[in-house]
Every structure is written in structure tokens, then in C-alpha cells.
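Report on the structure
One-letter residues, chain by chain:
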Amino acid sequence: MKKMMNDKALVRHLAACETMGSATNICSDKTGTLTTNHMTVVKSCICMDVREVGNNNKASLCSEIPESAVKLLLQSIFTNTGGEIVINKDGKREILGTPTETALLEFGLSLGGDSQAERLASKLVKVEPFNSTKKRMGVILELPEGGLRAHTKGASEIVLAGCDKVINSNGEVVPLDVESINHLNATINQFANEALRTLCLAYMELENDFSPDNAIPLSGYTCIGIVGIKDPVRPGVKESVAICRSAGITVRMVTGDNINTAKAIARECGILTDDGIAIEGPDFREKSQEEMLALIPKIQVMARSSPMDKHTLVRQLRSSDEVVAVTGDGTNDAPALHEADIGLAMGISGTEVAKESADVIILDDNFSTIVTVAKWGRSVYINIQKFVQFQLTVNIVALIVNFSSACLTGTAPLTAVQLLWVNMIMDTLGALALATEPPTDELMKRAPVGKKGNFISNVMWRNILGQSFYQFMVIWYLQVKGKGMFSLEGPDSDLTLNTIIFNSFVFCQVFNEISSRNMEEINVFKGILNNYVFVAVLGCTAVFQVIIIELLGTFASTTPLTSLQWFVSVFIGFLGMPIAAALKTIPV
Ligand SMILES: Nc1ncnc2c1ncn2[C@@H]1O[C@H](COP(=O)(O)OP(=O)(O)OP(=O)(O)O)[C@@H](O)[C@H]1O
Ligand SMILES: [Ca+2]
């Protein structure tokens, strides 16, 4: 976990890491995870005119649009907001609030607006804050000249659908005819296709008998304009998505944003491909269970989704035996984060609710860290597999050798103390040696294990059975022919032979430990010298073995061996390595 902290991931449950290794799907939200969440208004369509908002022509925007419209626009921006403009302790102006809000406030300020004055001018009667289900927010103002006015802003298509009038280029309020609707919709799509998030701002004068206890109306508005907000893709996301793809992990985008914005960003990140489907939350919701299951494998982008849509998608994916990771930063992601096999929340931009629901917190908010977590997860999984393969081999051989010879000759060649030592090599030292292998990039080139994968794979069975067979055969051969081979005679011959058998057995394990470093590749020495723990464990095992044989005779029921006997037993162990390598060429 410490090591992962250095890699910018805080793992809240250790098991989560392993789950991430077997993930087959990542459902990512867009804003804040794939994008930087630094938003700026770059385009606007006020009074039906589309304009770029750049540093140089901001002032001109104000002069080009009618004054009445500018007034309404600034009133809307500064009163209908969830953000706040404050002067911090250094005397600098600071804009607080969600990135969408700050982008709008920034835009308002650049138009020469005065937030303080706007706020003081009219009284805020009612506020309905933004939420991801409604995708809009609204306020009601009591105007200085009397009367009530409602302002609303939110997802463009939704707010525009509630407008029946628009301010035209002369600053007059005119009914929204088909032509204007088409123009505005085309503008929304144009902005969205440029990967901009679009917001529509609208207002309406309320009847004097309107009671603030009523909900703010949803329709009857006059459209002031549409703004396009740029939220650049994070650097490195595209590469990370590509790594995921080569690792057999499907990445999907599930966002609350406009479908065209989502598609544009998804294409930029490499999430949306030609054969993938982009769907909107409301369409998805309507589908029957069967339709959903048929559709889901192809969905790469889900736009305008509500928090429940995210949740439904994750649930459906899980029910079709996928291991699903969900990433998110907002409160609206919490249900999905909770439902996922593994939830990853963003540490910097993430809300507390999102972090609470997550298993892993990505401290640097970077999508590529998610890939690192997956890599670590896979590495944990494979290291445990290596360890189990190693351990099963030792156990099988020790059991068969002792059992068969106990049945046939009445005595067991390996004594209790010797078996205890072997056990230590296997458990503690083996775990130390094999579990400390660091993750490699290779891990991300194979398919994920998923839910269906067997823990003991066929590859492992092949290695275990082949290696056990070899070890058993040589030890059996030593038992039967050993005395003749080493010309052992006299009363000590049994003890010497058993010591040779014990020594060979231990060295078989030492060399098998090296072979176990890689279950599939023949070159097991790659990077071995960088893994100090492994080398140290191996060295210590060998040194202790010498001590046990040469010095601890009475305790371990051994006797010192001659150099020839030493050589033969070490060689027998070494022979296990080419055998292991040969086994790896057998396809399974
Ligand atoms: N403060 C706001 N006021 C009004 N409308 C907003 C505000 N913030 C966002 N919106 C609108 O609501 C839409 C969806 O927002 P939502 O919170 O569901 O998604 P998100 O969390 O921002 O995106 P993602 O799910 O990709 O992270 C946005 O596309 C935007 O049009
Ligand atoms: Ca988000």
C-alpha cells in the first residue's frame, strides 16, 4: 500500500487492489476525470449571434450586443449562480464554486460586470440549486423597480425546451419560431461537436401574484443565450485508454453532459470508436432488460445520464459477469461508485461523498493512475499465483515422497525437523521472495482474469505437475539407487543417504523458486538482481542449508557431506530449471 501511495493511489481496502487487477470494464465520468475540470467560456451565442470569446474581443462583445441584453445577461450570471466572488486575504479576487460556475462568473467579469452591484440591486427571493438529475438551476429575484423575475440556467437542450421567446439581435423579445429554434439547436450542436459544454441562460417575468412558495417554473422562459465552455482533456488520458484497451479492459464514458460534447471528448480520448454506440440516459432508461443487455457491450458513451443511469449501467454490467471499476468525482457518481466492484474517486476535485463511496482514492486525479492501480492489482494477483504454484509443488513432492516410502519401507526420508525447515522456505521466505516482484508493463498486455478466471490456471497446473514429477522421480531414484551411486556402506550409510536426499530436495526448491518467478516465460532471470529481497532470501536459504547439514547434525538428523555429494545434490536441484523451462514450451 505504501508503494502505491508513492504512485498516487490511496487504497482504502487492500482487497480492492486485487479486484482492480481483474477488472474487465472501467466506467469513467467525463468532467474531472478525463478532463482537467478547468473550464473557460470560449464561445457564446447571445441574441442569436455566435461569437468567439477571446482575450482580445471581450470588450467588443459587449458593444456588439444590445444593452438591454447585456444587462439581463449579467444579472443572470451574477445572481443565478452557485459560485461566489470573494477577496482573499492577499487582497486578490478569487472565484469560488464548481468549475462550471466559476467559468461563467469569469465570463461575466470579463464583460465588465460588477457582481457586487448586481447582487445588491435585486433581492434573492428563492433559489433552487443545481443538481445532476434536473441538470439546471434557477432563482427568483425581486427587481428594484418592482416585480418578480425568474432566471434559469442549465443543460442547453433542457432549458431551451422550456423557452418560448428569445432576445433577437436588436434586443427585442420575440416569439421563438421554428427558424430560431433550428438556429439555436444548430449552435448547441456546433459547440458540442467542438467538445464544448453548453449552458443555456434564460429568464422570465413572473406575475405579481406569483408566490415564492411555489416551485420555480420550468417553461415559459425567454432565451438570453448559450455559452460554450471548454474543458480540455487531461494530458496522458489517451495513452492510458490505449493501455487499457491492450490490457483487455473496456473503457466507457458515462457523463451528465450533452451527447455531442461527450462524443467529441470521447473521440479525443480514444474511448469512442467507429463501431461503438453513444446513447443518452433517457433513451437508455426506457429500454427493457433484454434490450439493455444486448446494447450494453457496445455502449461506449452514455450522455445526459442521471446518477441512477450510471448505477443501472454498472449493475447490468456486473450481472453479465463483468468486473466493473467506476471512476468519479461528483456526488452524482456516488451510487455508481458504491455499486461497482471497485470504485475510484478523485482525490483533489472529488467531493467527500464520492470519496466515502470509493475503495481507492486517486490522489493526483489522473486517469493514468487508474492504469497504475490496475497494474498493481494484476501484479498482486500474479505474485500470489506464483507463490501458490511454488508452494503446491513443494507440498506435493514432500507428501508423496514421505508417504510412498513410509508405505514401502516403513521409514520416511525427511524428518520432522527437516520438513519444518522446508516449510519455512516455502511459507515465509517463499512469500517474501515471490510476492515482492514489482509490477511490469507486460502485465497490461494480457487479458484480465475477470470473474470466471480460475485462480489456479492451466499453466500453473502444468508447471506444478511437471516439476513435482521430476522432483519425485529423482528423489525416488536416490532412495533406490543412492547407496550404490555414492558407494555408501556401513552403519552410517542410511543417515548419509537421507542427508543427500534432504539436501537435493531443498536445492530443488531453491532452484524452483527461481523458475517460479515467471510462470510462462523461459527467461526467469529478467530483473532478478533488481529484486534485492529475492536475492537475499535465496542467499540466506542456501547459507542456512549449509549450516544445517554441516553443523546442526544432531538436531536436524543430518551428517556432513563430501564435496561430490554436495555437488550432486545441488546439481539435481539445478536440473529442475531446464526441466521447468522445457515444461513452459508445452502449450496448454
Ligand atoms: N452549476 C450548474 N448550473 C447549471 N447547469 C449546470 C451546472 N453545472 C452543470 N450544469 C449542466 O448540467 C449538465 C450535467 O451535469 P452533471 O453534474 O450531471 O454532470 P457532470 O458531473 O458535470 O459530468 P460528468 O458526469 O461527466 O462528471 C452539464 O452538462 C451542464 O449543462
Ligand atoms: Ca464529474
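Computed from a prediction, not measured in an experiment: that's the story for all the values here.

On to the overall build of the chain, then. On a plain count of helices and strands, the chain comes out with 22 helices and 19 strands. Relative to the compact-globule value of 25 Å for 588 residues, the chain shows a C-alpha radius of gyration of 35 Å, a clear excess of over 25%. Seen along its three principal axes, the alpha-carbon backbone of the chain occupies a region of about 120 × 55 × 45 Å. Taken across its 588 residues, the chain has 53% of its residues classed as buried. Contacts in the chain between residues at least 24 apart in sequence constitute 70% of all its contacts with a sequence separation of at least 6. For the chain, the accessible area works out to roughly 26000 Å², and carbon and sulfur atoms hold 59% of it. Positive and negative charge centroids in the chain, built from 50 and 61 side chains respectively, lie 4 Å apart.

On to the side chain of glutamine 391. Within the secondary structure, glutamine 391 sits in helix 16 (residues 367–409). Setting aside residues no more than four positions away along its own chain, glutamine 391 makes contact with Met426 and Asp427.

This next bit is on the coordination of the calcium ion (ligand 2). Donor atoms from the polypeptide that coordinate the calcium ion (ligand 2) comprise Asp29 (OD), Thr31 (O) and Asp329 (OD), at 2.3 to 2.9 Å from the metal. Binding-site remark: the calcium ion (ligand 2) is held by donors from one chain whose sequence spacing is D-x1-T-x297-D. On the criterion of sequence distance, the pair formed by threonine 31 in the loop between strand 2 (25–28) and strand 3 (40–46) and aspartate 329 in the loop between strand 17 (324–328) and helix 14 (334–339) is long-range, its members being 298 residues apart. Overall, the relative accessible area of 14% leaves threonine 31 in the buried class.

Unusually for a residue other than glycine, lysine 135 sits at a positive phi of about 60°. Assignment of secondary structure puts lysine 135 in the loop between strand 7 (123–128) and strand 8 (136–142). Look at aspartate 365: it is not a glycine, yet its phi comes out positive at around 60°. For aspartate 365, the position within the fold is in the loop between strand 19 (360–362) and helix 16. Note on aspartate 365: relative accessible area 4%, which makes it buried.

Take the environment of serine 180 next. One can find serine 180 in helix 8 (residues 178–193). Residues serine 180 and serine 240, spaced 60 residues apart in sequence, show a C-alpha to C-alpha distance of 42 Å. Within the local environment of serine 180, its side chain forms a polar contact with the side chain of aspartate 177, the two groups lying 2.3 Å apart.

According to the domain assignment, the chain contains domain 1 (2–36 + 233–365), domain 2 (40–230) and domain 3 (376–584). A straight line from the C-alpha centre of domain 1 to that of domain 2 covers 31 Å. On the domain 2 side, the residues contacting the 16 residues of domain 1 number 13 residues. Overall, the association of domain 1 and domain 2 removes approximately 1100 Å² of surface from exposure, summing both partners, and the carbon and sulfur fraction of that is 46%. Summed over the three residues of domain 1 that lose the most area to domain 2, namely Asn260, Thr261 and Arg304, the buried surface amounts to 42% of that side.

This part covers the pattern of salt bridges. If you walk through the whole model with that rule in mind, you get 15 salt bridges. A salt bridge links arginine 149 to glutamate 205; its shortest N-O distance comes to 3.0 Å. Highlighted residues: arginine 149 in strand 9 (residues 148–155) and glutamate 205 in strand 12 (residues 196–206), separated in sequence by 56 residues. With a closest N to O distance of 2.9 Å, aspartate 309 and arginine 285 form a salt bridge. Of this pair, aspartate 309 sits in helix 13 (residues 307–319) while arginine 285 sits in helix 11 (residues 281–286), and the two are 24 residues apart along the sequence. Overall, aspartate 309 belongs to the buried group, its relative accessible area being 1%. A cluster of three or more residues bridged by salt bridges with shared partners is formed by Lys30, Arg197 and Asp257.

With that settled, consider the site of ligand 1. The local shell around ligand 1 holds 22 residues, among which Asp29, Lys30, Glu101, Thr255 and Asp257 are the closest. Contacts to ligand 1 include aspartate 29, whose side-chain N or O atom sits 2.8 Å from an oxygen atom. A distance of 2.9 Å separates an oxygen atom of ligand 1 from a polar backbone atom of lysine 30. Surface burial for ligand 1 is 94%, taken as the share of its 630 Å² of free accessible area covered by protein chains. For the shell around ligand 1, the secondary-structure elements that each account for two or more residues are helix 5 (99–110), strand 9 and strand 12. Grouping the constituent residues of the shell around ligand 1 by class yields five nonpolar, eight polar and nine charged. Viewed by domain, the shell around ligand 1 spans two of them, domain 1 (2–36 + 233–365) and domain 2 (40–230), each represented by three or more residues.

Owing to a relative accessible area of 12%, arginine 149 belongs among the buried residues under this scheme. Within the local environment of arginine 149, its side chain forms a polar contact with the side chain of glutamine 75, the two groups lying 2.5 Å apart.

The next thing to look at is the packing of helix 19 (residues 493–515) against helix 22 (residues 563–584). Following both chains from N to C, one finds helix 19 and helix 22 inclined at 35°, their axes separated by 8 Å at the closest point. With respect to the hand of their crossing, helix 19 and helix 22 are arranged in right-handed fashion. In this structure, helix 19 uses Thr496, Ile500, Asn503, Ser504, Phe507, Cys508, Phe511, Ile514 and Ser515 to contact helix 22, whose residues at the interface are Gln565, Trp566, Ser569, Val570, Ile572, Gly573, Phe574, Met577, Ala580 and Lys584. Tallied by class, the residues present in the contact of helix 19 with helix 22 amount to 11 nonpolar, seven polar and one charged.

A few words now on the packing of helix 16 against helix 19. For the pair helix 16 and helix 19, the least separation of the axes is 10 Å and the interaxial angle reads 160°. As the angle between them shows, helix 16 and helix 19 are arranged roughly antiparallel. Crossing hand, helix 16 versus helix 19: right-handed. The residues of helix 19 that touch helix 16, namely those facing Phe390, Thr393, Val394, Val397 and Ala398, are Phe505, Gln509, Asn512 and Glu513. Across the contact of helix 16 with helix 19, the residue classes break down as five nonpolar, three polar and one charged.

For the rest of this paragraph, the subject is the nonpolar core. Among the nonpolar cores identified, the biggest contains 44 residues, and Phe502, Phe505 and Ile514 are the most heavily contacted of them. Listed by contribution, the elements that provide at least two residues to this core are helix 16, helix 17 (416–435), helix 18 (458–485), helix 19, helix 20 (532–550) and helix 22. Setting aside its immediate chain neighbours within four residues, phenylalanine 502 contacts Leu414, Gln418, Trp421, Val422, Gln545, Ile548, Ile549 and Thr558. Of all hydrophobic cores here, the second largest spans 41 residues; its members include Ala303, Val323, Leu344 and Met444.

This part covers the sheet that holds strand 18 (residues 342–346). Strand order in the open sheet formed by eight strands is 1-19-18-17-2-14-16-15, and the pairing between neighbours is mixed. Sheet topology places strand 1 (9–11) and strand 15 (277–280) at the edges, where each strand pairs with a single neighbour. Going from strand to strand, the sheet's axes swing by 20° on average, the running direction of each strand aside. Across four bridges, strand 15 lies against strand 16 (residues 299–303) in parallel orientation. Within the sheet, the bridge partner assigned to alanine 278 lies in strand 16 and is valine 301.

Scoring rules and cut-offs
Residues numbered from 1 in each chain as written. Chains lettered and ligands numbered in written order. Predicted model: local features only at pLDDT ≥ 70, side-chain atom pairs only at ≥ 80, totals over all residues. Heavy atoms only, no water. Helix = DSSP H or I, 4+ residues; strand = E, 2+ residues; numbered from the N terminus. Rg over C-alpha atoms; globule rule 2.2 N^0.38 Å. Buried < 20%, exposed > 50% of the residue type's maximum accessible area, 1.4 Å probe, protein only. Contact = heavy atoms within 4.5 Å. Areas by Shrake-Rupley, 256 points an atom, 1.4 Å probe, with all protein chains shown as cover. Lys, Arg positive; Asp, Glu negative; His and termini not counted. Charge placed at Lys NZ, Arg CZ, Asp CG, Glu CD. Donors = N, O, S within 2.8 Å, 3.2 Å for Na, K, Ca; no water. Polar contact = N/O pair within 3.5 Å; in protein donor to acceptor, adjacent residues only side chain to side chain. Domains from an automatic or database assignment. Buried area = accessible area lost by both parts, 1.4 Å probe. Salt bridge = Lys/Arg side-chain N within 4 Å of Asp/Glu carboxyl O. Near = heavy atom within 4 Å. Nonpolar A, V, L, I, M, F, W, Y, C, P; charged D, E, K, R; others polar. Axes fitted to C-alpha atoms, helices over the stretch in contact; angles between N-to-C directions. Left-handed = near helix turned anticlockwise from the far one by under 90°. Parallel < 35°, antiparallel > 145°, perpendicular 65-115°, else oblique. Core = buried A, V, L, I, M, F, W, Y, C linked by side-chain atoms within 4.5 Å. Pairing = 2+ DSSP bridges.

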